[in-house]
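Chains, contacts and geometry: an overview
Spelled out from the first residue to the last, the chains are:
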Amino acid sequence: MKFDHLWTEFLEALRRSIFLSIGAPENHDFNWDVLAAKLLSKLVIIVVLITLFWLLSRGLRRLIQSIAKRIHANPMIINVINNSIHFFWLLASSITVLSQFGLSEQYLQAVSRAAIVSLIFYVIWMLFTKLTMRFLDRFYIDDSLKQLLRNIISVLLVIFGIAAIMAQFGFNIISIMAGLGLVGIAVSFAAQSTLSNFIAGITILIERPFHIGDWVRINKFEGKITQILLRTTHIRNRDNLLIIIPNSTVANAEVTNLTAHERMRFESYCRISLQEDVEKARQAILARLDLEDEYLKQPAPSVDVSQFAESGIVLIVRYWLEPYQMERLPRIQEKLLEHVKEALRDAEIDVPFPHIKLLTDRSEDETY
């Protein structure tokens, strides 16, 4: 019984709230015919006013487009104007709906001021981000950094915009900003590692020691840069394994960009016997390498004496490659040694190998 009584009181309070929301006096007896008539009349007024506002906004936008075609106006400015007109139509429609359901004049004024403030912040966001992106394009800033700056600007404008909107309803902006500051300090202490990687990522994007597609060596890791994110850098090695390195590690590491220039020089070593002619070996190796397309013809490969070892002469073979060949570098170096061996064999040049030779001193008439 208590539950039935509670449910009845709830329905009664709900009916009274609905009745009062359309402007009926508080002591008015409930008459659902009157309620339906009032509600229908308010809906008709709302539909008529919203339609008029829509027709007005559509006419203004068509007028703006017509003028823009004649004077060849900036599309960005026209887009801002059209969005502003559409925004005012939504604002007028919202105020119309709210006013028909008995909201106070003071509250409607606060809603209007808040809407105008949000429109101002929207226009500032549109113009400022567009101008900033155009300014950064002149300096060929990395796309990831441009997106980061755009996001930072957007977040800051949203925070200030929300604070300004809340101020129109009587909230204290100073208290809100102070609270956000305390929250920011707490978050920074709780996420020091993430923030260090984040700052290092910004540094990498600004200094640009490498780009996506470069072949780099970071500490003991070597591979192709596939992604440069704000927290990590991704590289793919020759075994097709993905290596994810924190940006703080990258910022503090010795980074070697192997493909920073149009071509790279590499070297391999080989030996010939001490009795062999160095020039003959040089010409044989260069002639063999000239038959292969993998090595650049300009600059041309070179063969020089590196050192005199105990078992022979060490030759150093230098050759140039293009950046796209970095992924196949081990295979190219292996084939180079095969080509050198073939060249020395065809030229009948002796290649030394470890062996022991015993020499004895004996007289001619010694017999066994």
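Keep in mind that what you see is a predicted model, and the values were worked out from it rather than measured.

**Topic: a nonpolar patch on the surface**
A surface patch of nonpolar side chains, about 560 Å² in accessible area, is lined by Leu 40, Val 44, Val 48, Leu 52, Trp 54 and Leu 55. On the secondary structure map, Val 48 appears in helix α2 (residues 32–71).

**Brief notes about helix α10 (residues 329–346)**
Compared with the 26 Å implied by 1.5 Å per residue over 18 residues, the 26 Å span of α10 between its first and last C-alpha is a close match. Residues of α10 that are buried: Leu 329, Ile 332, Leu 336, His 339, Val 340, Ala 343 and Leu 344. The buried residues of α10 all sit within an arc of 130° when viewed along its axis, so they share a single face. For α10, the exposed residues lying more than 90 degrees away from the buried face are Lys 341, Arg 345 and Asp 346. Next to the buried residues of α10 lie β6 (264–272), α9 (278–290) and β8 (312–321). Positioned one or two residues after α10, Glu 348 has a phi angle of 55°, which is positive.

**Quick look at the nonpolar core**
With 27 residues, the main nonpolar core has Ile 272, Ile 285 and Leu 315 as its most contacted residues. Examining the composition of this core, we find that 6 residues originate from one element, α10, more than from any other. The contacts of Ile 285, once residues within four sequence positions are left out, are Cys 270, Val 303, Leu 315, Val 317, Val 340, Ala 343 and Leu 344. Ranked by size, the runner-up nonpolar core spans 12 residues in total, among them Phe 210, Val 216, Ile 243 and Val 250.

**A word on the pairing of strand β2 (residues 221–228)**
The pairing of strand β1 (residues 215–218) with β2 spans 4 bridges and is antiparallel. If you follow Arg 217 over to β2, its bridge partner there is Glu 222. Hairpin connection between β1 and β2: a loop of 2 residues separates the two successive antiparallel strands, and Asn 219 in this loop has a positive phi of roughly 55°. Of the pairings in the sheet, the one linking β2 to strand β3 (residues 232–236) comprises 4 bridges and is antiparallel in character.

**Topic: the packing of aromatic side chains**
Aromatic rings considered in pairs are described by the distance between their centres and by the relative angle of their planes. Counted by the stated rule, this structure contains 1 aromatic pair. An angle of 75° between the planes, with centres 5.7 Å apart, marks the rings of Tyr 295 and Tyr 319 as edge-to-face. Placement of the pair is Tyr 295 in the loop between α9 and β7 (302–309) and Tyr 319 in strand β8, with a sequence separation of 24 residues. Each member of the pair, Tyr 295 as well as Tyr 319, carries the same accessibility label: buried.

**Focus on the sheet that holds β7**
The 3 strands are arranged β6-β8-β7 in an open sheet whose pairing can be described as antiparallel. Two strands close off the open sheet at either side, each with one partner strand: β6 and β7. Taking the axes of each pair of neighbouring strands and ignoring which way they run, one obtains an average angle of 25° across the sheet. Relative to β8, β6 runs antiparallel, the two sharing 9 bridges. Bridging across to β8, Met 264 finds its partner in Leu 321.

**Description of the sheet that holds β2**
For sheets, the rule is that strands pair by backbone hydrogen bonds, running either parallel or antiparallel. Read across the sheet, 5 strands follow the order β4-β3-β2-β1-β5 without closing on themselves; strand pairing throughout is antiparallel. The open sheet has two free edges, formed respectively by β4 (242–246) and β5 (255–257), since each of these has just one partner strand. On average, each strand axis in the sheet is inclined to that of its neighbour by 40°, with strand direction left out of account. In this sheet, β5 lies alongside β1 in antiparallel orientation, the contact comprising 3 bridges. What sits directly across from Arg 217, in β5, is Thr 256.

Calculation rules
Residues numbered from 1 in each chain as written. Predicted model: local features only at pLDDT ≥ 70, side-chain atom pairs only at ≥ 80, totals over all residues. Heavy atoms only, no water. Patch = residues over 30% accessible without salt bridge, like charges linked within 9 Å, V, L, I, M, F, W, Y side chains within 5 Å. Areas by Shrake-Rupley, 256 points an atom, 1.4 Å probe, with all protein chains shown as cover. Salt bridge = Lys/Arg side-chain N within 4 Å of Asp/Glu carboxyl O. Helix = DSSP H or I, 4+ residues; strand = E, 2+ residues; numbered from the N terminus. Expected span 1.5 Å × (residues − 1). Buried < 20%, exposed > 50% of the residue type's maximum accessible area, 1.4 Å probe, protein only. Arc of directions from axis to C-beta. Contact = heavy atoms within 4.5 Å. Core = buried A, V, L, I, M, F, W, Y, C linked by side-chain atoms within 4.5 Å. Pairing = 2+ DSSP bridges. Phe/Tyr/Trp six-rings, centres within 6.5 Å; stacked < 30°, edge-to-face > 60°. Axes fitted to C-alpha atoms, helices over the stretch in contact; angles between N-to-C directions.

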